[in-house]
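Each chain, letter by letter, is given below.
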Amino acid sequence: AQSVTQLGSHVSVSEGALVLLRCNYSSSVPPYLFWYVQYPNQGLQLLLKYTTGATLVKGINGFEAEFKKSETSFHLTKPSAHMSDAAEYFCAVSVRNDKIIFGKGTRLHILP
Amino acid sequence: GAVVSQHPSWVICKSGTSVKIECRSLDFQATTMFWYRQFPKQSLMLMATSNEGSKATYEQGVEKDKFLINHASLTLSTLTVTSAHPEDSSFYICSARRVAVGYGYTFGSGTRLTVV
């Protein structure tokens, strides 16, 4: 079965600094990988996804992630943090167009 | 495009009553819908997968008699929490998978259920 591990339940960065949220996955078959963002008491918004093809995926709001099969990783980055980026971020995995399994989430705090 | 409407956004009910949550895909057809539960400050736990016209598949540990799922059409799935108790209080989120070419899931905005 597939699974996702997000390293760090809380990450704090200064406004304008690099954002790096780590995600490692486990899957016996080629996975589809996702990053979602959730604001308090709201649903999920898709930031980006990797299915096939180019391993560097660009998403909304300046985020991007790189699929590294050799490292089984799919880390999320953004060059310059903004206060509005403060939220909960979930990495997720799916195989064979099936259900999505989520990691435990990382709360991103932006320091002024 | 690809909007999922989930209603109600919040509901308070008394212990022992039942509550129905609707998940509707507004501008696309969804052969499959997923229901998740999220406890405060925790991740989303998949409860069940519903396919249009067939019985839902429940994840291990989820009581199918308590959480009734119906997926009667390609645009509507419902989750009914029967005989609700305070421990059922949670944030419930649905997700719809699009039929069309491409790999897309769209999430509803969630329902905050409080059982008193």
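Going along each chain's sequence as written, the residues are numbered from 1 onward. Each chain gets a letter, beginning with A, and each ligand a number, beginning with 1, in the order they are written. Local features are withheld for residues below a pLDDT of 70 in this predicted model, meaning they are given only at 70 or higher, and side-chain atom pairs are given and counted only at 80 or more; totals for whole chains, interfaces and linings count all residues. Excluding hydrogens and water, the side-chain figures rest on all heavy atoms present in the structure.

Explanation requested: the sheet that holds strand S1 (residues 4–7) of chain B in the structure shown.
Sheet strands pair via backbone hydrogen bonds, and the direction of the pair is either parallel or antiparallel. Residues and elements named next belong to chain B. If you walk across this open sheet you meet the four strands as S1-S3-S8-S7, and the pairing is antiparallel. If you trace the sheet from one side to the other, it starts and ends with S1 and strand S7 (67–73), each paired once. On average, adjacent strands in this sheet sit at an angle of 15° to one another, irrespective of strand direction. One requirement defines pairing of two strands: DSSP has to find at least two bridges between them. Helix and strand definitions follow DSSP, with helices as H or I runs of at least four residues and strands as E runs of at least two, each counted in order from the N terminus. Across five bridges, S7 lies against strand S8 (residues 76–81) in antiparallel orientation. Within S8, the position partnered with Ile69 by the bridge is Leu79. An axis is simply a line fitted to the C-alpha atoms; with a helix, the fit covers only the stretch in contact. Between two such axes, the angle follows the N-to-C directions and lies from 0 to 180 degrees.

Explain unusual backbone geometry here, please?
Note on backbone geometry: most residues besides glycine have negative phi, and most peptide bonds are trans. Here the residue pair His7 of chain B and Pro8 of chain B is connected by a cis peptide bond, since its omega of -5° sits within 30 degrees of zero. With respect to the helices and strands, Pro8 of chain B occurs in the loop between S1 and strand S2 (10–13). Although it is not a glycine, Asn61 of chain A adopts a positive phi angle of roughly 60°. Looking at where Asn61 of chain A falls in the secondary structure, it is placed in the loop between strand S6 (56–58) and strand S7 (64–68). A positive phi angle, near 45°, is found at Thr72 of chain A, a position not held by glycine. Examined against the element boundaries, Thr72 of chain A turns out to sit in the loop between S7 and strand S8 (73–78). Using a 1.4 Å probe on the protein chains alone, a residue whose accessible area is under 20% of its type maximum counts as buried, one over 50% counts as exposed, and one in between counts as partly exposed. Accessibility expressed as a relative area gives 31% for Thr72 of chain A, which makes it partly exposed.

Could you clarify how one ought to interpret the nonpolar core in this entry?
Across soluble globular proteins, nonpolar side chains show a tendency to be buried alongside one another. To qualify as a nonpolar core, a set must consist of buried Ala, Val, Leu, Ile, Met, Phe, Trp, Tyr and Cys residues joined through side-chain atoms within 4.5 Å. Of all hydrophobic cores here, the largest spans 26 residues; its most connected members are Trp35, Leu48, Leu76 and Tyr89 of chain A. Secondary structure elements with two or more residues in this core: strand S2 (10–14), strand S3 (19–26), strand S4 (32–38), strand S5 (44–50), S7, S8, strand S9 (87–94) and strand S11 (106–111) of chain A. Among the nonpolar cores identified, the runner-up in size contains 24 residues, and Cys13, Cys23, Ala48 and Leu79 of chain B belong to it.

What is the right way to read the interface of chain A and chain B from this model?
Quite often, the size of an interface is put as the accessible area lost when its parts meet. Every contact between the two is made by 19 residues of chain A and, on the other side, 19 residues of chain B. Take a side-chain nitrogen of Lys or Arg and a carboxyl oxygen of Asp or Glu: if they are within 4 Å of each other, that pair is a salt bridge. Taken together, chain A and chain B are joined by one salt bridge. A salt bridge links Glu59 of chain B to Lys99 of chain A, with the shortest nitrogen-to-oxygen separation between them at 3.1 Å. Pairs of N or O atoms are called polar contacts if they sit within 3.5 Å, as long as, within protein, a hydrogen donor faces a hydrogen acceptor (for residues adjacent in sequence, only side-chain-to-side-chain pairs). At the boundary of chain A and chain B, one finds five residue pairs in polar contact (both at pLDDT 80 or more). Those elements giving two or more residues to the side of chain A that touches chain B turn out to be S4, S5 and S9 of chain A. Top element by residues in the side of chain A that touches chain B is S4 of chain A. It accounts for four residues. Polarity classes work like this: nonpolar for Ala, Val, Leu, Ile, Met, Phe, Trp, Tyr, Cys and Pro, charged for Asp, Glu, Lys and Arg, and polar for all others, with Gly in that last group. Its residues assigned to classes, the side of chain A that touches chain B shows seven nonpolar, eight polar and four charged. In this analysis, two residues are considered to be in contact whenever any of their non-hydrogen atoms come within 4.5 Å of each other.

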